[in-house]
Amino acid sequence: MSNSTATLTASSKPADIPVVPRARISAARVLVVGDVMLDRYWFGDVNRISPEAPVPVVRVQKKEDRLGGAANVARNAAALGAQAGLLCVVGHDEPGERIVELLGESKVNGYMERDPALPTTIKLRVLSRQQQLLRVDFEDAPNHEVLRACSDRFTELLPQHDVVLMSDYAKGGLTHVTEMIGEAKRAGKPVLVDPKGDDWERYRGATLMTPNRAELRDVIGSWKSEEDLLDRVTKLRAELDLTALLLTRSEEGMTLFTDSQVVHTSAEAREVYDVSGAGDTVIATVATMLGAGVPLVDTIVYANRAAGIVVGKLGTATVDYTELFA
Ligand SMILES: Nc1ncnc2c1ncn2[C@@H]1O[C@H](COP(=O)(O)OP(=O)(O)OP(=O)(O)O)[C@@H](O)[C@H]1O
Ligand SMILES: [Mg+2]
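All values reported here derive from a predicted model rather than from experimental measurement.

### Observations regarding the side chain of aspartate 280
Item 1. Assignment of secondary structure puts aspartate 280 in helix H8 (residues 278-291).
Item 2. The charged side chain of aspartate 280 is buried without a salt bridge, its nearest counter-charge being arginine 75 at 7.9 Å.
Item 3. If near-sequence neighbours (up to four positions away) are discounted, aspartate 280 is found in contact with Gly69, Asn72, Val73, Tyr169 and Asp194.

### Let's talk about the confidence of the model for the protein
Item 1. Per-residue pLDDT for the protein averages 94, and the proportion of residues at 70 or more is 95%.
Item 2. pLDDT under 50 marks residues 1-12. Its contacts with residues more than four places away, or in other chains, come to ten contacts.

### A few points about the pattern of salt bridges
Item 1. Under the criterion given, the structure shown has 25 salt bridges.
Item 2. One salt bridge in this structure joins aspartate 39 and arginine 125, with 2.7 Å as the shortest N-O distance. Taken as a pair, aspartate 39 in strand S2 (residues 36-49) and arginine 125 in strand S6 (residues 122-128) lie far apart in primary sequence, 86 residues in all.
Item 3. Assessed through its relative accessible area of 14%, aspartate 39 is described here as buried.
Item 4. You can call arginine 125 buried: its relative accessible area is 12%.
Item 5. In this structure, the salt-bridge partner of glutamate 226 is arginine 249, at a minimum N-O distance of 2.8 Å. Placement of glutamate 226 in helix H7 (residues 226-240) and of arginine 249 in the loop between strand S11 (244-248) and strand S12 (254-257) is noted, with a sequence separation of 23 residues between them.
Item 6. Exposure remark for glutamate 226: the relative accessible area of 47% places this residue in the partly exposed category.
Item 7. Look at the salt bridges and you will find they share partners, linking Arg40, Asp65, Glu94, Arg98 and Glu101 into a network.

### Section: the sheet that holds S6
Item 1. With mixed pairing, four strands are arranged side by side in an open sheet as S3-S2-S6-S7. Both edges of this open sheet fall to strand S3 (56-69) and strand S7 (131-138), since each of them pairs with a single strand only. Neighbour-to-neighbour, the strand axes of the sheet open up by a mean angle of 20°, direction not taken into account.
Item 2. Against the sheet, helix H2 (residues 70-80) contacts S2 and S3, and its axis sits at roughly 60° relative to S3.

### A word on the site of ligand 1
Item 1. Taken together, the neighbourhood of ligand 1 is formed by 20 residues, with Asn212, Thr248, Ser250, Gly253 and Gly279 sitting nearest.
Item 2. Between ligand 1 and the protein, one listed contact pairs an oxygen atom with a side-chain N or O atom of serine 250 at 2.7 Å.
Item 3. Here an oxygen atom of ligand 1 and a backbone polar atom of glycine 279 are 2.8 Å apart.
Item 4. Per element, the largest residue contribution to the shell around ligand 1 is four residues, and it comes from H8.

### A few points about the side chain of serine 151
Item 1. Topologically, serine 151 is positioned in helix H4 (residues 144-157).
Item 2. Discounting chain neighbours no more than four positions away, the residues touching serine 151 are His176 and Met180.

### Quick word on the packing of helix H6 (residues 213-220) against H7
Item 1. Where H6 contacts H7, the two axes come as close as 11 Å, and the packing angle between them is 70°. With respect to H7, the element H6 is oriented roughly perpendicular. Facing H6, whose interface residues are Leu216, Val219 and Ile220, H7 presents Leu229, Arg232, Val233 and Leu236.
Item 2. Split into classes, the residues belonging to the contact of H6 with H7 amount to six nonpolar, no polar and one charged.

### Side note on helix H3 (residues 94-105)
Item 1. Helix length check: H3, at twelve residues, gives a terminal C-alpha distance of 17 Å against a target of 16 Å (1.5 Å per residue), a fit within 8%.
Item 2. Listed in full, the buried residues belonging to H3 are Pro95, Gly96, Ile99, Leu102 and Leu103. Seen from one end, H3 has its buried residues packed into an arc of 125°, which puts them on one side.
Item 3. Looking at the buried positions of H3, the neighbouring elements they touch are S2, S3, H2, strand S4 (83-91), strand S5 (108-115) and S6.
Item 4. Positioned one or two residues after H3, lysine 107 has a phi angle of 65°, which is positive.

Procedures and definitions
- Residues numbered from 1 in each chain as written.
- Chains lettered and ligands numbered in written order.
- Predicted model: local features only at pLDDT ≥ 70, side-chain atom pairs only at ≥ 80, totals over all residues.
- Heavy atoms only, no water.
- Helix = DSSP H or I, 4+ residues; strand = E, 2+ residues; numbered from the N terminus.
- Buried < 20%, exposed > 50% of the residue type's maximum accessible area, 1.4 Å probe, protein only.
- Lys, Arg positive; Asp, Glu negative; His and termini not counted.
- Salt bridge = Lys/Arg side-chain N within 4 Å of Asp/Glu carboxyl O.
- Contact = heavy atoms within 4.5 Å.
- pLDDT = per-residue confidence, 0-100.
- Pairing = 2+ DSSP bridges.
- Axes fitted to C-alpha atoms, helices over the stretch in contact; angles between N-to-C directions.
- Near = heavy atom within 4 Å.
- Polar contact = N/O pair within 3.5 Å; in protein donor to acceptor, adjacent residues only side chain to side chain.
- Parallel < 35°, antiparallel > 145°, perpendicular 65-115°, else oblique.
- Nonpolar A, V, L, I, M, F, W, Y, C, P; charged D, E, K, R; others polar.
- Expected span 1.5 Å × (residues − 1).
- Arc of directions from axis to C-beta.

Now the structure itself:
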C-alpha cells in the first residue's frame, strides 16, 4: 500500500474541539465595519434571440438576493450566535432597503449611513440553466461627509463592542480605516482586518490581518519555502506593527503567525461545493471567538472548522453554533 497520496479531503471525522459555551458566544459583541454589497441573482429561460441585438432574451422566473461583503461577514458572526453590529454606507435606493431587510432577518444590528448620491453596491447576475450570462455591477465611492459621519458613528459604537472587524472590499467605505484602527487600539479593542489591494500601510497597527495566498503574495512577493514565508511575514508584521497574521490557504488550511509561534491547521472539508465566502466565515469566526474570550491562537481551530463546513454548503454561507460543535 502506498501512503504517498496524502490528501486534504480525508473522510475521517475531524478531531473534537473544546466547546465554547453558548452563553459566552452570545456575550461577544462584534462590530463589523466595511463595504457592504447585495449579491442579486435573476434566473430564467432563454427561448429566443433578441430582435434588437444578437443577444439572448431571458424571461426572469426567479429572483434571489444575498448579503455580500461586510454584510456577509456580519451575518456569519450573528449565525454563530454573537451580537453583530454592522457599520457601513448604503444609498437611498431599493437595494439599500433590501440590505436593511436582510440584515434584520439575519439578526445583525445595522448602523447604516445613507448617501443619497450613492448607488448601493450591487452585483446582479443573470443566469439561465446554471449558466451565468451577464453580471452587472453598480458601485461608487461614498462622499466625504458621509464617511465623516461614519467615523463619528464608529466612535460612538466602539464602547459597546468587544472586537472590531474591518471588511475591506475596496469600495471606499474604509477610507478612514487607519484612524479607526488607532482609535480602537487606544480603547483596548482587538482589530481584525480582511485586506484588499496592496497598500497595507493603511492597516497599520491592526491586531490580526487575514489575507489569502494571492493577497499576501501581492504585498510580500512569492515565497520559496515555509521558512522564507516566515521571514517575509515577520518583516511585514514588524513594519506595519501587526500583532498577528493569519494566512488562509484554501485547500491547505491556514497558518497563524505571531511573535512567539507559527501555528498551522490543515483544511477539514470533506466535500467542497462552494468556496466563495470562506474567507468571510474565517474572520467572522475568529472575531466571535475572541469576543467570547478565547485566546487568539485557539480561535483558528474554530475558524478552520467553520470554513470547512461552509465550503461544503451550496447557497447559504454561514455556520451556526450547533453545526460548529456537532
Ligand atoms: N478547497 C478547499 N478545501 C478545504 N477547505 C477549504 C477550501 N477552500 C477554502 N477552504 C477553507 O476556507 C478557508 C479560507 O479559504 P481561502 O483561503 O480560499 O479564503 P479567501 O480566498 O479569502 O476566500 P473568499 O475570499 O472566497 O471568501 C481556508 O483556510 C480553509 O479552511
Ligand atoms: Mg477573502
